[in-house]
Structures are given as C-alpha cells and as structure tokens.
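So you can see what is in the structure, the chains are spelled out below.
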Amino acid sequence: MKERKQAVALMLLSALSFSLMQVVVKISATHVGTMQQVFFRNLFSLFVTFVLLRRNRLPLMGPRAYRLPLFARSFLGFVGVVMLFYASAGARQADVALLNRTSAIWVSVFAMIFLKEKISKVQVPVILLCLAGAFVAMRPSFESNFLPLLLAFLTAVSSGLAYTMIAFCKGHVNPLTVIFHFSLFSTAAAGILMIPAFVIPSWRDLMILILIGIFGAAGQISLTYAYQKAPASEVSIYDYSGILFSAVLGYFLLGEALTASTVLGAALIVCGALWSYLYHQRQAQPAS
C-alpha cells in the first residue's frame, strides 16, 4: 500500500511538472522552434540521470533482455511528443488535449495485453468520469482539420504503449536507466532535427529553455518511478490531474479565464481520482 501511495504522489507531481513545462513552452513558442524546445526538454534529464547512474555505479543500458522494451519506450515516447507538438500547432488546444487524455484508456488496454493486469471494477467508470470531466472543462468542438486530430489520437496510443513499456521493465531495469534511454534517444533525435531551423537563443530564451528542461526532467522522473511502483492501469488515472493544474496555472500565470465549465470539469476529475484512490486503498487493506 505504501508503494501505491508513493505512485499517486509521484504521478501528481509529474502532472504538475508537465503543466508548468507547458506554460513555459507556451511563453517561448514565438521565439524558439519546436525541436529546440524538445532538445532542451530532454538534455537536462540526460545530464541528471547520467550523473546519478555513474555515481551509483548503475548500468546505462540495462539488461540485454530488456533493451527492446527500452527502445520501444524511447522511440514511442519521442514520436508521441513530436506528434503532440504538431497537433497542437494545427488544431484547437481543447480538441488536442481531450484526445491526448485518452492515453489512460490505452494504458489499461496495453497493460491487460502485455502485463496481464486485470481491470478493476472501478477502472472503466473512473476513466469515463475523468473523460467526462475533461470534456466539460475543455469544451472541444472537433471542428479542427482531420490530420491534426488524427495525430493527437495517435499521440495517446503511442504514449499509452510507451508507459506500458515502463511498467514492463518494473523490477528488472532501474528507473534511472529507463529515463536515461528515453532522454538519450530524444536528445539525439531532436538535436539532429533542430539543425535546419536552429536559432541562437537570447539570454531570456536560454533561461526559459533551461526551465523547460528542469520541469521536463521533474515530470519524466516522477512519471517513470510512478509507473514502476503501482499497476500501470491504476496509476494512469492520475494523469488527468494535469487538466486541473493547467487550468489553475493558466489563470495565475497566463491570465487565462477560469470558467464555470472548467471548475465543474476539474471537480469531476478530482472525484474520479479520489474514487479510484479510495477503492484501491480499501482493496489493499487486509480482511479483518
């Protein structure tokens, strides 16, 4: 039960960190290219995990038997980030965000297929409640062009499989090694792709890129440890808290309006997360 509580706390921290990162990304979007943002997002994680792995004398590459799942996690995670960035540029943010949040469904499906995890009694209603909350909060119209919406949907599928690969490595690959793999692949790929449009950042933009790296690293590390401490299908529910964090941060830092529908949608998401947490807490308690 202790590890489940830690997984919930880590997933909430991950959602908050990624929400902070998205705020900074939005601030820098007019000055810095997408691939430069992706590059810095992963460079900081790469440096931190390399130092920690070397200091603790842990393997950089992990066991040979798990290198394919590690590569799948890295490749799918990077492709998911790129597709999300392109989808965000060509479609309404509400449409993209809602489709992206369906990743929790795909985590449950892939965890059932690859990890043989059983779907609990509350899993489906909780996901539906959180999706309803996301729909109410973001009020998507789905009037965007088809291709960006398809990319947003594929991002959710890609992320769901990538997160399942993290859980697949549980107990066999150190979480820091998982993060190092993903950061190394993403930094190298983004570094190559950003060359044609590279812009030397100003001091202000450099500080913003560093913040993207810090928040991205915090989110990635928290997420990876969360998926290795509890069942993937269970912990994925708490990713919906990112909608709540984004709404609050947007209000305080970007001056975005907090509408009644946003508050209602956030309340539904909180209810769904609380329902899941209390159910699994009761299930973990020994019978008297």
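These notes cover the structure that comes with them. (Residues numbered from 1 in each chain as written. Predicted model: local features only at pLDDT ≥ 70, side-chain atom pairs only at ≥ 80, totals over all residues. Heavy atoms only, no water.)

### Comments concerning the packing of aromatic side chains
Line of reasoning, step 1. One pass over the structure, following the stated rule, counts 12 aromatic pairs.
Line of reasoning, step 2. Among the aromatic residues, those joined into a ring-pair cluster are Phe71, Phe75, Phe78 and Phe185.
Line of reasoning, step 3. For arginine 73, the ring lying beneath its charged end belongs to phenylalanine 182, and the centroid distance is 4.2 Å. (Phe/Tyr/Trp six-rings, centres within 6.5 Å; stacked < 30°, edge-to-face > 60°. Lys NZ or Arg CZ within 6 Å of the ring centre and 35° of its normal.)

### A closer look at helix H2 (residues 34-55)
Line of reasoning, step 1. For H2, spanning 22 residues, the distance from its first C-alpha to its last is 32 Å, which sits close to the expected 32 Å at 1.5 Å a residue.
Line of reasoning, step 2. What H2 keeps buried is the set Met35, Gln36, Gln37, Val38, Phe39, Phe40, Arg41, Asn42, Ser45, Leu46, Thr49 and Leu53.
Line of reasoning, step 3. Looking one or two residues past H2, arginine 57 carries a phi angle of roughly 55°, positive in sign. (Helix = DSSP H or I, 4+ residues; strand = E, 2+ residues; numbered from the N terminus. Expected span 1.5 Å × (residues − 1). Buried < 20%, exposed > 50% of the residue type's maximum accessible area, 1.4 Å probe, protein only.)

### Some remarks on a nonpolar patch on the surface
Line of reasoning, step 1. A contiguous nonpolar surface patch, about 720 Å² in accessible area, is contributed by Ile27, Val248, Tyr251, Phe252, Leu253, Leu254, Leu258 and Val263.
Line of reasoning, step 2. Take the nonpolar patch: its biggest share by element is four residues, from helix H11 (residues 241-253).
Line of reasoning, step 3. Structurally, tyrosine 251 is set in helix H11. (Patch = residues over 30% accessible without salt bridge, like charges linked within 9 Å, V, L, I, M, F, W, Y side chains within 5 Å. Areas by Shrake-Rupley, 256 points an atom, 1.4 Å probe, with all protein chains shown as cover. Salt bridge = Lys/Arg side-chain N within 4 Å of Asp/Glu carboxyl O.)

### Side note on the pattern of salt bridges
Line of reasoning, step 1. Applying the stated rule across the entire model yields two salt bridges.
Line of reasoning, step 2. The residue glutamate 234 makes a salt bridge to arginine 4 at a minimum N-O spacing of 3.0 Å. Of this pair, glutamate 234 sits in helix H10 (residues 232-235) while arginine 4 sits in helix H1 (residues 2-28), and the two are 230 residues apart along the sequence.
Line of reasoning, step 3. Taking relative accessible area as the criterion, glutamate 234 reaches 6% and is therefore assigned buried.
Line of reasoning, step 4. Here arginine 204 and aspartate 205 are joined by a salt bridge, their closest N and O atoms 3.2 Å apart.
Line of reasoning, step 5. Residue arginine 204 is classed as partly exposed on the basis of its relative accessible area, which comes to 46%.
Line of reasoning, step 6. Assessed through its relative accessible area of 8%, aspartate 205 is described here as buried.

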